[in-house]
Number of protein chains: 2
Amino acid sequence: MTTLRALECLVAVLDTGSVTKAAATLHLSQPALSHQLAGLEREIGTPLLERLPRGVRPTTAGRAVADEARAALAAAERVVTVGQAVAKGTEGHLRIACAASMTAGLLAPVLRTWHRRRPGIQLTLTELTSADALAGLVESGQADLAVGPRPTTWQATVDLIGTEELVAAMTPSHPLATTDSVSLADISQYRTIGYDPENGLHAWLTEVLAGHGVAFTPVMRTRQTTTAAELAAAGLGVALVPTTALPSGYTGTIRRLAPPLTRDIVALTPAAGDSAVRAFVNELTRRGLPIPKPIATRLAR
Amino acid sequence: MTTLRALECLVAVLDTGSVTKAAATLHLSQPALSHQLAGLEREIGTPLLERLPRGVRPTTAGRAVADEARAALAAAERVVTVGQAVAKGTEGHLRIACAASMTAGLLAPVLRTWHRRRPGIQLTLTELTSADALAGLVESGQADLAVGPRPTTWQATVDLIGTEELVAAMTPSHPLATTDSVSLADISQYRTIGYDPENGLHAWLTEVLAGHGVAFTPVMRTRQTTTAAELAAAGLGVALVPTTALPSGYTGTIRRLAPPLTRDIVALTPAAGDSAVRAFVNELTRRGLPIPKPIATRLAR
DNA sequence: CGTACTTACGGGCTTCGTAACGATC
DNA sequence: GATCGTTACGAAGCCCGTAAGTACG
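Residues numbered from 1 in each chain as written. Chains lettered and ligands numbered in written order. Predicted model: local features only at pLDDT ≥ 70, side-chain atom pairs only at ≥ 80, totals over all residues. Heavy atoms only, no water.

> Kindly report on the overall build of chain A, identifying the contributing residues and their values.
Scanning chain A for helices and strands turns up 11 helices and 11 strands. Scaling as 2.2 N^0.38, a compact globule of 301 residues should have a C-alpha radius of gyration of about 19 Å, whereas chain A reaches 31 Å, well beyond that. The principal-axis extent of the C-alpha atoms belonging to chain A is close to 105 × 30 × 30 Å. Across the 301 residues in chain A, those meeting the buried criterion constitute 50%. Taking all contacts inside chain A whose residues are at least 6 apart in sequence as the whole, residues at least 24 apart take part in 74%. Working note: accessible area of chain A is about 13,900 Å², and carbon and sulfur atoms make up 53% of it. Each charge sign in chain A was given a centre, from 28 positive and 25 negative side chains, and these centres are 7 Å apart. (Helix = DSSP H or I, 4+ residues; strand = E, 2+ residues; numbered from the N terminus. Rg over C-alpha atoms; globule rule 2.2 N^0.38 Å. Buried < 20%, exposed > 50% of the residue type's maximum accessible area, 1.4 Å probe, protein only. Contact = heavy atoms within 4.5 Å. Areas by Shrake-Rupley, 256 points an atom, 1.4 Å probe, with all protein chains shown as cover. Lys, Arg positive; Asp, Glu negative; His and termini not counted. Charge placed at Lys NZ, Arg CZ, Asp CG, Glu CD.)

Listed below in structure tokens is the structure:
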């Protein structure tokens, strides 16, 4: 195995054209440098330098390997500088996993300012539908950070970003659309839109409903929360959807539940705290979880 | 200074996901590898691996430096392989210096077959007008090989490729154009085209003429031999030009000298024999120096 | 005789292996 | 208790510096 030290010596000699001068610039005794060169030539099996009465000159082989030697030295140097830059937070790669409904309202503004402030950090975003899948990505190291509902089990760090409210969505002509307050028991009297078990809401909702002694009988199931809202607007039944999942121009009628139904939106991070990850989470908690304005006004009236 | 060994360890650990497995593939004890990793992390100043109960996982910094580490290892590996390839003659860079008149007739065919047979070797060709300048390039290491007339002084290897004949060139209406044999004394009676001292022919010709007890009085001088031939064809005087310098469609009249005047064309190589250089010279001597066919027929009649 | 590189040899540091330890499941 | 990684310590090897040697002008 060649050593970087030997390559450094070779490059210095090629640059100065003399073993003695190179030894001086490397703060090294001249025989030591000579020994390094000999070792390198022995390893390659051919002379790299032509010894002249006055200094040395590269052979064909010496000229040919010079570029590669410089490349190796530069890459090794970058290992250190890049590593330090990542530790400092000026470079790196932040892999974020999030619930699909989080992207627009919560993450988009944070990502924008983040990228403006730290352009050296590459950002990748993966959207998932299940809170447990989010946790899995972080646990397995495939993501540095997850943003979404609180998963069923999580050992490492959890930071509360905010709460999102779940509301009843339905077609405007629905009987419940005229009442001011809607309870889970009220909804159970009508057809409902359920969630596919793959979506984390499924398990969470069944648990919540069981806690209230109620059970829904969904006419159909879907994976996406926005799809559930659309189906409800189309009159297929009543859907319980997070406010963050409602598009701003939503045509259905929405009603707040009594008592209100909310769930936490949290940031999941590995126990091993990365400075960039912590900084991003701080930014998220600082901004908090906004309720989409159009939805908020329609709920307030 | 980071060491390639440490980078090799890091890459192996990242590839296998386990210190123990990596140690096995590197034929290294596991504590030794662990120590290397510790040293690398100390140098960079940040952990590169996250220690898990079951194996290890790269941190953000670890992932970021992985590419650079691989690049460094690959470059160091290439230093050896490229060096060996150059020694073997399958790769490299052959810098050829030649007299301008040699390019078309002598070098072009050799270069063509050479490049077809050894495509890994990059070829560069520098054309000069002085034989001593050719020698200087080889001596100073700026060229690996020179092809041209024998220089005045040369210590290192000289290989005879062939001889080129110098002939008298003139306009067809010139008095000497009707005679069969032309001597140097005959020419000295007429106006002649001389060479600039920069062109090696100048010194050589004055020496030859002095040897014959003759002296020319050139009406003008030029650097290029082909230019001298053209000027002669245009009627400005008689020019002594190498046959290799005559274009195939030359419009002037050419006459062989009596006695014939020839000079050696040689290959100059450094004392330090490079295998590729020697092979190229062998090819040159094997092919020899062709006399351009159209010129040969016109001289033979 | 001075310059420039190589070889010879001894001291010091690094690297490696065996052994003992700590943590986690 | 089994697995995985770290720490401890002694031995081997490598790197470096001083000193002597060789080649060239």
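> Go over the packing of helix α5 (residues 102–117) of chain B against helix α10 (residues 275–287) of chain B, please, and point to the residues and values.
Packed helices, taken two at a time, are described by their axes: the angle between them and the distance between them. Residue and element names in this part refer to chain B. Two elements in contact, α5 and α10, have axes separated by 10 Å at closest approach and are oriented at 130 degrees. When the axis of α5 is compared with that of α10, the two are oblique. The chirality of how α5 crosses α10 is right-handed. When α5 is examined against α10, the residues Leu106, Leu107, Pro109, Val110, Leu111, Thr113, Trp114 and Arg117 are found in contact with a partner set consisting of Ala276, Ala279, Phe280, Glu283, Leu284 and Arg287. The class makeup of the residues in the contact of α5 with α10 is 10 nonpolar, one polar and three charged. (Axes fitted to C-alpha atoms, helices over the stretch in contact; angles between N-to-C directions. Parallel < 35°, antiparallel > 145°, perpendicular 65-115°, else oblique. Left-handed = near helix turned anticlockwise from the far one by under 90°. Nonpolar A, V, L, I, M, F, W, Y, C, P; charged D, E, K, R; others polar.)

> An account of the relation of the copies chain A and chain B is requested, with residue identities and associated values reported.
For the pair of chain copies, the relating operation is a rotation around an axis with a shift along it. Mapping chain A onto chain B leaves a residual RMSD of 0.2 Å; the transformation is a rotation of 179 degrees accompanied by 0.0 Å of translation along its axis. Expressed as an axis order, the relation between the two copies is that of a two-fold axis. Closest approach to the rotation axis among the C-alpha atoms of chain A is made by Ala72 of chain A, whose C-alpha sits 2.2 Å away. (Least-squares fit on C-alpha atoms with pLDDT ≥ 70 in both.)

> Pulling in residues and values, what's your account of the environment of Asp264 of chain B?
All names here are of chain B. By the secondary structure assignment, Asp264 is in strand β11 (residues 261–269). Since its relative accessible area comes to 25%, Asp264 is described here as partly exposed. Taking the C-alpha atoms as reference, Asp264 lies 6.9 Å from Leu160; in sequence the two are 104 residues apart. Residues in contact with Asp264, not counting those within four places in the same chain, are Gly148, Pro149, Arg150, Leu160, Gly162 and Thr163. Within the structure, Asp264 has its side chain in polar contact with the side chain of Arg150 (distance 2.9 Å). (Polar contact = N/O pair within 3.5 Å; in protein donor to acceptor, adjacent residues only side chain to side chain.)

> Go over the side chain of Thr222 of chain A with me, naming the residues and quoting the values.
Relative to the elements of secondary structure, Thr222 of chain A occurs in strand β8 (residues 218–222). For Thr222 of chain A, the side chain forms a polar contact with the main-chain nitrogen of Gln224 of chain A, separated by 3.3 Å.

> Talk me through the protein's contact with DNA strand C; I want residue IDs and the actual numbers.
Looking at DNA strand C, there are 18 residues lining it, with Thr20, Gln30, Ser34 and Arg51 of chain A together with Ser29 of chain B nearest. The protein-proximal atoms of DNA strand C, defined as those within 4 Å of the protein, are 71% sugar or phosphate. The contact in question runs from a phosphate oxygen of DNA strand C to an N or O atom on the side chain of Arg51 of chain A, over 2.4 Å. Contact distances for DNA strand C include 2.9 Å between a phosphate oxygen and a side-chain N or O atom of Gln36 of chain B. Considering only residue class, the surface near DNA strand C consists of eight nonpolar, seven polar and three charged. (Near = heavy atom within 4 Å.)

> Describe the pairing of β8 of chain A, with residues and values.
Residue and element names in this part refer to chain A. Bridge analysis of strand β7 (residues 192–195) against β8 gives four bridges, and the strand direction is parallel. Opposite Tyr195, over in β8, you have Thr222 as the bridge partner. Handedness of the β7-helix α8 (residues 200–211)-β8 crossover: right-handed. (Pairing = 2+ DSSP bridges. Right-handed = clockwise from strand over helix to strand, strands pointing away.)

> Got a sec to walk through the protein's contact with DNA strand D? Specific residues and values, please.
Close to DNA strand D lie 20 residues; Ser29 of chain A together with Thr20, Gln30, Ser34 and Arg51 of chain B are nearest. The sugar-phosphate backbone supplies 72% of the atoms of DNA strand D found within 4 Å of the protein. At 2.9 Å, a side-chain N or O of Arg5 of chain A approaches a phosphate oxygen of DNA strand D. Between DNA strand D and the protein, one listed contact pairs a phosphate oxygen with a side-chain N or O atom of Ser34 of chain B at 2.2 Å. Elements that contribute at least two residues to the surface near DNA strand D include exactly α3 (30–44) of chain A together with α2 (19–25) and α3 (30–44) of chain B. Grouping the constituent residues of the surface near DNA strand D by class yields eight nonpolar, nine polar and three charged.

> Give a description of the pattern of salt bridges that names residues and reports values.
One pass over the full model with this rule turns up 26 salt bridges over all chains. Among the salt bridges present, the one from Arg57 of chain A reaches Glu50 of chain A, with a minimum N-O distance of 3.6 Å. The shortest N-O distance in the salt bridge between Arg223 of chain B and Glu198 of chain B comes to 3.1 Å. Of this pair, Arg223 of chain B sits in the loop between β8 (218–222) and α9 (225–233) while Glu198 of chain B sits in the loop between β7 (192–195) and α8 (200–211), and the two are 25 residues apart along the sequence. Overall, Arg223 of chain B belongs to the partly exposed group, its relative accessible area being 40%. By relative accessible area, Glu198 of chain B is classed as partly exposed at 39%. Via salt bridges that share partners, Arg63 of chain A together with Arg95 and Asp144 of chain B belong to a single interconnected network. (Salt bridge = Lys/Arg side-chain N within 4 Å of Asp/Glu carboxyl O.)

> Residues and numbers for the UniProt feature "domain: HTH lysR-type" (unreviewed entry) in chain A, please.
The sites that carry the UniProt feature "domain: HTH lysR-type" (unreviewed entry) are, in the present numbering, residues 1–59 of chain A. Structurally, residues 1–59 of chain A is divided into 59% helix and 10% strand, and its ends, taken at the C-alpha atoms, are 22 Å apart. (UniProt positions renumbered as here; feature names shortened; annotations may be inferred.)

> Can you lay out the interface of chain A and chain B for me, pointing to particular residues and giving the numbers?
Counting residues at the interface gives 40 residues for chain A and 40 residues for chain B. Summed over both partners, the interface of chain A with chain B comes to about 3,200 Å²; 66% of that surface belongs to carbon and sulfur atoms. For the pair chain A and chain B, the number of links is four salt bridges. One salt bridge connects Glu68 of chain B with Arg78 of chain A, and the closest N-O pair in it is separated by 2.7 Å. The tally of links from chain A across to chain B stands at 10 residue pairs in polar contact (both at pLDDT 80 or more). Where the side of chain A that touches chain B is concerned, the elements lending two or more residues are α1 (4–16), α3, α4 (60–88), β3 (92–99) and α6 (131–139) of chain A. Looking at the side of chain A that touches chain B element by element, the count peaks at 20 residues for α4 of chain A. (Buried area = accessible area lost by both parts, 1.4 Å probe.)

> Can you explain the environment of Pro119 of chain A? Please cite residues and give values.
Residues and elements named next belong to chain A. Mapping Pro119 onto the fold places it in the loop between α5 (102–117) and β4 (121–128). Overall, the relative accessible area of 58% leaves Pro119 in the exposed class. The spacing of Pro119 and Arg57 is 62 residues in sequence and 44 Å in space, taken between C-alpha atoms.

> Describe unusual backbone geometry, naming the residues involved and giving the relevant values.
Most peptide bonds are trans, and most residues other than glycine sit at a negative phi. At the junction of Ala258 of chain A and Pro259 of chain A, the peptide bond is cis and its omega measures out at 0 degrees in the coordinates. Within the chain, His27 of chain B stands out as a residue other than glycine whose phi angle is a positive 55 degrees. Take His27 of chain B: it is sitting in the loop between α2 and α3.

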